[in-house]
Amino acid sequence: MTTDSDNGAAAGDDVIVARPQRAAWMGGALGVLLLAVFTVVAVLLRGSDSGAIFHLSDQIAMVGVGLLLGLACASFGTPKVRADSRGVDVRNVGTTRHFDWDQVLSVSFPDGASFARLELPDDEYYPLLAVQAVDRHRAVTAVRGLRRLHKRARED
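What comes next is a walk through the structure. Bear in mind the structure is a predicted one, so any value in this text is a computation, not a measurement. (Residues numbered from 1 in each chain as written. Predicted model: local features only at pLDDT ≥ 70, side-chain atom pairs only at ≥ 80, totals over all residues. Heavy atoms only, no water.)

Overview of the pattern of salt bridges
- Under the criterion given, the structure shown has five salt bridges.
- Across the pair Asp14 and Arg152 runs a salt bridge, and its minimum N-O distance is 3.7 Å. Residue Asp14 is found in the loop between strand E1 (2-4) and strand E2 (15-18), and its partner Arg152 is found in helix H3 (residues 137-155); the two are separated by 138 residues along the sequence.
- Of the residues examined, Arg152 reaches a relative accessible area of 35% and is grouped as partly exposed. (Salt bridge = Lys/Arg side-chain N within 4 Å of Asp/Glu carboxyl O. Helix = DSSP H or I, 4+ residues; strand = E, 2+ residues; numbered from the N terminus. Buried < 20%, exposed > 50% of the residue type's maximum accessible area, 1.4 Å probe, protein only.)

As structure tokens, this is what we get:
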């Protein structure tokens, strides 16, 4: 989590930016591992005595599958939360949404949950995949910063 004053925020405005740390490392490492395994398997396919006939196109396809799976694993490190006095922008793995602070009832991190969430009206919530329990003190700092901005916006 970083505090930042760029990115279109008003002068003197608090900006909270949070990204997952351990998920990014693990997703990246797993992605590289998958690509390496699929590449090794593709290279070894040609010389196999299994009775099946593998061509260059099969090897290229195998590396392609490894690349796609590797990118899918690495994408779990892309979530981001950026909040300022106007609201909060949440980028999860496949979606991006903006919430004004008046749409948010609270920022919570329930016991036993893997990530924080925004509590919304009508008993709905929106997950903040960038604020994960495995990041420990970074997650606590991010949630406190988000709660501080939410409280400040509610007071205005």
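A closer look at the pairing of E2
- Burial of the side chains of E2 extends over both faces: Val15 and Val17 are buried on one face and Ile16 and Ala18 on the other.
- The pairing of E2 with strand E3 (residues 80-83) spans three bridges and is classified as antiparallel. Within E3, the residue paired with Ile16 across the bridge is Ala83. (Pairing = 2+ DSSP bridges.)

Let's talk about the side chain of Ser108
- Mapped onto the elements, Ser108 comes out in strand E6 (residues 106-108).
- Looking at Ser108, its side chain comes within polar contact range of the side chain of Glu119, at 2.6 Å.
- With residues up to four places along the chain from it excluded, the contact list for Ser108 reads Ala116, Arg117, Glu119 and Arg147. (Polar contact = N/O pair within 3.5 Å; in protein donor to acceptor, adjacent residues only side chain to side chain. Contact = heavy atoms within 4.5 Å.)

Some details on the sheet that holds E6
- On the basis of which strands lie adjacent, the open sheet formed by three strands has the order E6-E7-E8 and antiparallel pairing. Strands with a single pairing partner mark the edges of an open sheet, and in this sheet they are E6 and strand E8 (124-132). The average undirected angle you get between the axes of adjacent strands in this sheet is 25 degrees.
- By the bridge criterion, three bridges tie E6 to strand E7 (residues 115-120) in an arrangement that is antiparallel. The partner of Val107 across the bridge, within E7, is Leu118. (Axes fitted to C-alpha atoms, helices over the stretch in contact; angles between N-to-C directions.)

Observations regarding the environment of Leu44
- Considering the arrangement of structural elements, one finds Leu44 in helix H1 (residues 22-45).
- Put simply, Leu44 and Gln59 are 15 residues apart on the chain and 8.9 Å apart in space, counted from C-alpha to C-alpha.

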